[in-house]
Amino acid sequence: MPSAFDLSFLASKQRPAPAWHLETIAAEMAEPDKARMLRVIGRMGAQQVPAHGAIDWDAELAAFGAIEFPSYYLQPFHSIPGGYLNEAAALGDRAALEAIYEDAHPEKSLGLRRAIAALIPVDARRVLDLGAGTADGGAAIARRLPDAAVTAIDASPFMVIVGRRQNGDVPNLRIEQGFAERSGVADASVDAVHITLLFHECPNTAKRAILAECRRVLRPGGTLVLSDTPNDDLYTYRGFYEPYKEEWLRFDPDAFLLEAGFGEIEAHEVAAPLWSRVARSAA
Ligand SMILES: C[S@@+](CC[C@H](N)C(=O)[O-])C[C@H]1O[C@@H](n2cnc3c(N)ncnc32)[C@H](O)[C@@H]1O
């Protein structure tokens, strides 16, 4: 059941509380710890959060009006109250990714994003980045393909507000609030879709709906570049609430892509531990 979540209420400080389950957080903390995540948490603590000037959150959020979120989205992802609907989640987004991928690439997450962007066909002119966060992935694509129009869509208006500041210098990138399952983009109107680190946050029903949306918006023969974290990686996230980690253990990207009507699937490991699939939308 979708839940209504009217952001204009924020102006009066009556912030509707997304689901917040203390017992699930306690269960997470009881998981056996893993060295990699502990190193990441240590590095996160040392990161600087960008200033971005003074953001008038209430005014900027009110401009988005009423947004109806799917109920799976209203959870305390990563044990942050409000999950992605949180100022700190958005302000700390790049810093968190830099800490997580410090060992993966000499230029950390931003280098990783350039490597993933290189998987988008060079002749793509219309590109969608779904579940874009603060749009560093979309920005890497837009910089690599200056003749392409890149649209980055994220469900969280907090991410959009920070993303527009963080990547506001990229002229061929637009960052919009929206949902990966219903992007609002016309049928067969894009050459490539980029999705990074979105699927592990979604239930299987949403993954299927998002792949159906990719098929709808991609032109025949268009390209999907799907990247995410290994199946067992969420178990290393001690104390980080990841509601779909059980489903993720069994997630098979190739089976999902084939079922959704994608073919010519290529596997890439641009920077371990992240994996990528490049797939074509069948005609
Ligand atoms: C782990 S972050 C990854 C962000 C970005 N793609 C990256 O590589 O850093 C997941 C993002 O997906 C967004 N998200 C989750 N479900 C979504 C949906 N159904 N539609 C659009 N965005 C969604 C969240 O708001 C969050 O910003």
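Residues numbered from 1 in each chain as written. Predicted model: local features only at pLDDT ≥ 70, side-chain atom pairs only at ≥ 80, totals over all residues.

**A short note on the overall build of the chain**
Here is step 1 of the chain: Per the secondary structure count, the chain includes eleven helices and nine strands.
Here is step 2 of the chain: Looking at the chain residue by residue over its 283 residues, the buried ones come to 41%.
Here is step 3 of the chain: A fraction of 72% describes how many contacts in the chain between residues 6 or more apart in sequence connect residues 24 or more apart. (Helix = DSSP H or I, 4+ residues; strand = E, 2+ residues; numbered from the N terminus. Buried ≥ 20, exposed ≤ 12 C-beta atoms within 10 Å, placed from the backbone. Contact = placed C-beta atoms within 7 Å.)

**A closer look at the packing of helix α9 (residues 204-217) against helix α11 (residues 253-260)**
Here is step 1 of the chain: Contact geometry of α9 with α11 gives a least axis separation of 9 Å together with a crossing angle of 50°. In terms of axis orientation, α9 runs oblique to α11. At the point where α9 passes α11, the crossing takes the right-handed sense. Taken together, the residues of α11 that come into contact with α9 (itself represented by K207, R208, L211, A212 and R215) are F256, L257 and A260.
Here is step 2 of the chain: Looking at side-chain class alone, the contact of α9 with α11 contains five nonpolar, no polar and three charged residues. (Axes fitted to C-alpha atoms, helices over the stretch in contact; angles between N-to-C directions. Parallel < 35°, antiparallel > 145°, perpendicular 65-115°, else oblique. Left-handed = near helix turned anticlockwise from the far one by under 90°. Nonpolar A, V, L, I, M, F, W, Y, C, P; charged D, E, K, R; others polar.)

**As for the packing of helix α6 (residues 108-117) against helix α7 (residues 136-144)**
A pair of packed helices can be characterised by two numbers: the angle between their axes and the separation between those axes.
Here is step 1 of the chain: Packing of α6 against α7 leaves a shortest axis separation of 9 Å and a crossing angle of 55°. Taken together, the axis directions place α6 and α7 in an arrangement best described as oblique. You can see that α6 and α7 cross each other, and the crossing is right-handed. Residues S109, L110, R113, R114, I116 and A117 of α6 lie in contact with α7, whose contacting residues are D136, G137, A140, I141 and R144.
Here is step 2 of the chain: Looking at the contact of α6 with α7 residue by residue, the classes come out as five nonpolar, two polar and four charged.

**Here's the deal with the site of the ligand**
Here is step 1 of the chain: Close to the ligand lie 20 residues, the nearest being G131, G133, A155, A180 and T196.
Here is step 2 of the chain: Along the lines of polarity and charge, the residues of the shell around the ligand split into twelve nonpolar, five polar and three charged. (Near = placed C-beta within 6 Å.)

**Some remarks on the environment of Y84**
Here is step 1 of the chain: With respect to the helices, strands and loops of the structure, Y84 is situated in the loop between β2 (66-69) and α4 (87-91).
Here is step 2 of the chain: When the 25 C-beta atoms within 10 Å are taken as the criterion, Y84 is described as buried.
Here is step 3 of the chain: Those residues in contact with Y84, other than ones at most four positions away along the chain, are F77, A89, A155, S156, F158 and M159.

**What about the pairing of strand β6 (residues 190-196)?**
Here is step 1 of the chain: Here β6 lies mainly inside the structure; six of its seven residues are buried.
Here is step 2 of the chain: Note that strand β3 (residues 126-130) and β6 share four bridges and pair parallel. Each bridged residue has a counterpart across the sheet, and for L128 the counterpart in β6 is V193.
Here is step 3 of the chain: Where β6 and strand β7 (residues 218-228) come together, six bridges link them in parallel fashion. (Pairing = 2+ DSSP bridges.)

**Re the sheet that holds strand β8 (residues 262-271)**
Here is step 1 of the chain: Taken together, the seven strands give an open sheet; going across it, the order is β5-β4-β3-β6-β7-β9-β8, and neighbouring strands pair in mixed fashion. What marks the edges here is a single partner per strand, and that holds for β5 (173-177) and β8. Averaged over all adjacent pairs, the angle separating strand axes in this sheet is 20°, with direction ignored.
Here is step 2 of the chain: Where α6 meets the sheet, it contacts β6, β7, β8 and β9 (274-281), and its direction lies at approximately 150° from that of β8.

**Remarks on unusual backbone geometry**
Here is step 1 of the chain: Omega for the peptide link from A272 to P273 comes to 10°, which places this bond in the cis form.
Here is step 2 of the chain: Mapping P273 onto the fold places it in the loop between β8 and β9.
Here is step 3 of the chain: For A135, which is not glycine, the phi torsion reads 70° and is therefore positive.
Here is step 4 of the chain: Mapping A135 onto the fold places it in the loop between β3 and α7.
Here is step 5 of the chain: The phi angle at E264 is positive, at roughly 45°, despite the residue not being glycine.

**Let's talk about the environment of P243**
Here is step 1 of the chain: The topology assignment puts P243 in the loop between β7 and α10 (245-249).
Here is step 2 of the chain: P243 gets classed as partly exposed once you count the C-beta atoms within 10 Å, which come to 19.
Here is step 3 of the chain: Along the sequence, P243 and Y72 sit 171 residues apart, while their C-alpha atoms lie 8.8 Å from each other.

**A look at the environment of G184**
Here is step 1 of the chain: Looking at the element boundaries, G184 is found in the loop between β5 and β6.
Here is step 2 of the chain: Residue classification places G184 among the exposed residues on the basis of 11 C-beta atoms within 10 Å.
Here is step 3 of the chain: In this structure, the C-alpha to C-alpha distance between G184 and E213, residues 29 residues apart in sequence, is 9.6 Å.

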